[in-house]
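# Observations on chain architecture
Each chain, letter by letter, is given below.
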Amino acid sequence: MNNCIIILTLILLAAMVLAGGKNGLKSFFGLILTLGILIISVTLIAWGISYLIVTLIGALIILATTIYFGNSTPQNAELAFYAALIVLAIMICLIVPIEHWAQIQGFGNENTPELEGMSLQIGIKFMNVSISMMVLSTLGAIAEAAVSISSNLHEILQQNPELTTNQITISGIKSGHQILSTACNTLFFGFFGGFLSLFIWFVQLNYSFGTFLNDKIFVAEFSLTIISIIAVILTIPTTILIFNLQHHHHKLSS
């Protein structure tokens, strides 16, 4: 298994370098750095450090790494980073009450065989872990949408510098529709692909439709998918708004 991971990692590195050159290499090291940050975040939370502080600091570093390492244009990266920060703040305000209301933290009945003989008294609230996991899991969708919209807007303005704010907004919304459609498909396919074996298990065990919809594992994974889509939706107008403000400020200063 270790050899398989190493081989796949090397193939990924080669593919990223061939496809993106220096930017691809930077993105690969950014990916490694992001993985390290996630491992450190989990370790710090396990040591009892405030999950909210660890999550916020980790999220900021991950967003900066993902956006700046994968973007060669400082203007695009700056705009995407500001938009991502705003959306992240909104998502935290949304995720915390949803997690408390849904009560999807911890393990489901399907995890019982693996947990037999293990103690769950680890000194950490599973609610906090669940909130941290959901916040960190949305970062990829936020960063990707912010970078895509930012790049499209700068390219549109570069080709048509005389565009008005309304025209820029309309062009940004059209680009956002395409990005949203792609992101929704990616997130849903990822959810169903990762959940396929459990789907089959539910069918084989003759779970009723109501039991299936109320299963903790299903609700947790599906909620994460919906939250990620909401994050992408919020990222589109936020990025457009910040871009328009920066463009308006630049026109006034010049």
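Below: a short report on this structure. Keep in mind the model is a prediction, meaning the values are calculated, not measured.

Procedures and definitions
Residues numbered from 1 in each chain as written. Predicted model: local features only at pLDDT ≥ 70, side-chain atom pairs only at ≥ 80, totals over all residues. Heavy atoms only, no water. Helix = DSSP H or I, 4+ residues; strand = E, 2+ residues; numbered from the N terminus. Buried < 20%, exposed > 50% of the residue type's maximum accessible area, 1.4 Å probe, protein only. Contact = heavy atoms within 4.5 Å. Phe/Tyr/Trp six-rings, centres within 6.5 Å; stacked < 30°, edge-to-face > 60°. Axes fitted to C-alpha atoms, helices over the stretch in contact; angles between N-to-C directions. Parallel < 35°, antiparallel > 145°, perpendicular 65-115°, else oblique. Left-handed = near helix turned anticlockwise from the far one by under 90°. Nonpolar A, V, L, I, M, F, W, Y, C, P; charged D, E, K, R; others polar.

As for its placement among the helices and strands, Thr225 is situated in helix α9 (residues 216–253). Judged by its relative accessible area of 7%, Thr225 falls in the buried class. Those residues within four positions of Thr225 in sequence are excluded, and the remaining contacts are Leu187, Phe188 and Phe191.

Now for the packing of aromatic side chains. In total, this model carries two aromatic pairs according to the counting rule given. Ring plane angle 75° and centroid distance 5.9 Å describe the contact between Phe28 and Phe29, whose orientation is recorded as edge-to-face. For Phe28, a relative accessible area of 7% gives the class buried. A residue is classified by how much of its surface remains accessible, and Phe29, at 49% relative accessible area, is partly exposed.

A few words now on the packing of helix α2 (residues 51–69) against helix α6 (residues 139–159). Contact geometry of α2 with α6 gives a least axis separation of 10 Å together with a crossing angle of 40°. It follows that α2 is oblique to α6 by the angle criterion. Handedness of the α2/α6 crossing: right-handed. Between α2 and α6, the residues in contact are Ala59, Ile62, Leu63, Thr66 and Ile67 and Leu139, Ala143 and Val147, respectively. Grouping the amino acids of the contact of α2 with α6 by side-chain chemistry returns seven nonpolar, one polar and no charged.

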